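If you want the building blocks of each chain, they are given just below.
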Amino acid sequence: MSMASKALIHFGPYEVTNEVFYKTSLCYALVNIKPILPGHVLVIPFRQVQYLSELNPDEVTDVFMTVQKVQQMLSKTYSTSDANIAIQNGVESGQTVPHFHCHIIPRSKPNTEGDGFYNRLQGEEGNIGGALWDQSRPKPVGKFPQLDDEDRHPRTKEEMKKEADFFREQMAMID
Ligand code: AMP
């Protein structure tokens, strides 16, 4: 397909066509301009809506089946079955791009430390009725990493395209 005939893909206001590494009829998977950890990617419906509640049943199915498939690829690539899978659903929950997207962040032992809101959510403050829990319950590890880290720098289009090309090849191996 020539570049001219390739439909441009947008994530909110951003044109991200060359950074997309997987597509279905209803959604796509995108490498991240500012990954929190290696392999941090996004799954996004083509239709631009802000909230999970605005997805129709076909989109919900397609987005989450794609999340499963992309995570399978990341598991193989990063040799871990663990990942944070997160949605910031609206501005007040931390959403910065008003186009629904699901984060997938592979996790393995060396990167299980984190900080911020998700730490508290996973810790005792987030355990509603936690005081009633069995004292022997396991302690959570692998806290969710902070999503707004000013120290992270945006990657160039070239860097992102290179990673997208690599993940596209990896996806082809599990398809
Ligand atoms: P959220 O804060 O949940 O809205 O997440 C937005 C995510 O999109 C963050 O992980 C950003 O790093 C990522 N992001 C923003 N703009 C782009 C872009 N142009 N291409 C790829 N990822 C982006």
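Residues numbered from 1 in each chain as written. Predicted model: local features only at pLDDT ≥ 70, side-chain atom pairs only at ≥ 80, totals over all residues. Heavy atoms only, no water.

By the naming in an unreviewed UniProt entry, the protein chain goes by Bis(5'-adenosyl)-triphosphatase and is assigned to Cadophora malorum. Per UniProt, the protein chain carries the Cofactor (unreviewed entry) text "Mn(2+)". (UniProt positions renumbered as here; feature names shortened; annotations may be inferred.)

S.K.: Just to check I follow, could you spell out the environment of Gly-39 for this structure?
M.R.: Relative to the elements of secondary structure, Gly-39 occurs in the loop between β4 (27-31) and β5 (41-45). With 68 residues separating them along the chain, Gly-39 and Arg-107 place their C-alpha atoms 9.1 Å apart. (Helix = DSSP H or I, 4+ residues; strand = E, 2+ residues; numbered from the N terminus.)

S.K.: I would appreciate a short explanation of the pattern of salt bridges in the present structure.
M.R.: For side chains bearing opposite charge, pairing can occur when the charged atoms are close. Applying the stated criterion to the full structure yields five salt bridges. A salt bridge links Lys-157 to Glu-19; the shortest N-O distance between them is 3.0 Å. Residue Lys-157 is found in helix α3 (residues 157-174), and its partner Glu-19 is found in the loop between β2 (14-15) and β3 (20-23); the two are separated by 138 residues along the sequence. Residue Arg-47 pairs with Glu-59 through a salt bridge whose shortest N-O separation is 2.7 Å. Placement of the pair is Arg-47 in the loop between β5 and α1 (57-78) and Glu-59 in helix α1, with a sequence separation of 12 residues. (Salt bridge = Lys/Arg side-chain N within 4 Å of Asp/Glu carboxyl O.)

S.K.: I tried to follow the site of the ligand on my own but got confused; where do I start?
M.R.: Taken together, 18 residues sit near the ligand, with Asn-32, Thr-96, Val-97, His-101 and His-103 positioned nearest. Gln-88 has a polar side-chain atom sitting 3.2 Å from an oxygen atom of the ligand. At a separation of 3.2 Å, an oxygen atom of the ligand approaches a polar backbone atom of Gly-94. For the ligand, whose unbound accessible area comes to 510 Å², protein coverage reaches 89%. Its residues assigned to classes, the shell around the ligand comprises nine nonpolar, eight polar and one charged. (Near = heavy atom within 4 Å. Polar contact = N/O pair within 3.5 Å; in protein donor to acceptor, adjacent residues only side chain to side chain. Areas by Shrake-Rupley, 256 points an atom, 1.4 Å probe, with all protein chains shown as cover. Nonpolar A, V, L, I, M, F, W, Y, C, P; charged D, E, K, R; others polar.)

S.K.: Explanation requested: the packing of α1 against α3 in the structure shown.
M.R.: How two helices pack is summed up by the angle between their axes together with the distance between the axes. Running from N to C, α1 and α3 point in directions that differ by 105 degrees, and their axes come no closer than 9 Å. Here α1 is positioned roughly perpendicular relative to α3, judged by the angle of their axes. Across the interface between the two elements, Lys-69, Val-70, Gln-72, Met-73, Leu-74, Lys-76, Thr-77 and Tyr-78 from α1 touch Glu-163, Phe-166, Phe-167, Gln-170, Met-171 and Ile-174 from α3. Taken together, the residues that form the contact of α1 with α3 break down as eight nonpolar, three polar and three charged. (Axes fitted to C-alpha atoms, helices over the stretch in contact; angles between N-to-C directions. Parallel < 35°, antiparallel > 145°, perpendicular 65-115°, else oblique. Contact = heavy atoms within 4.5 Å.)

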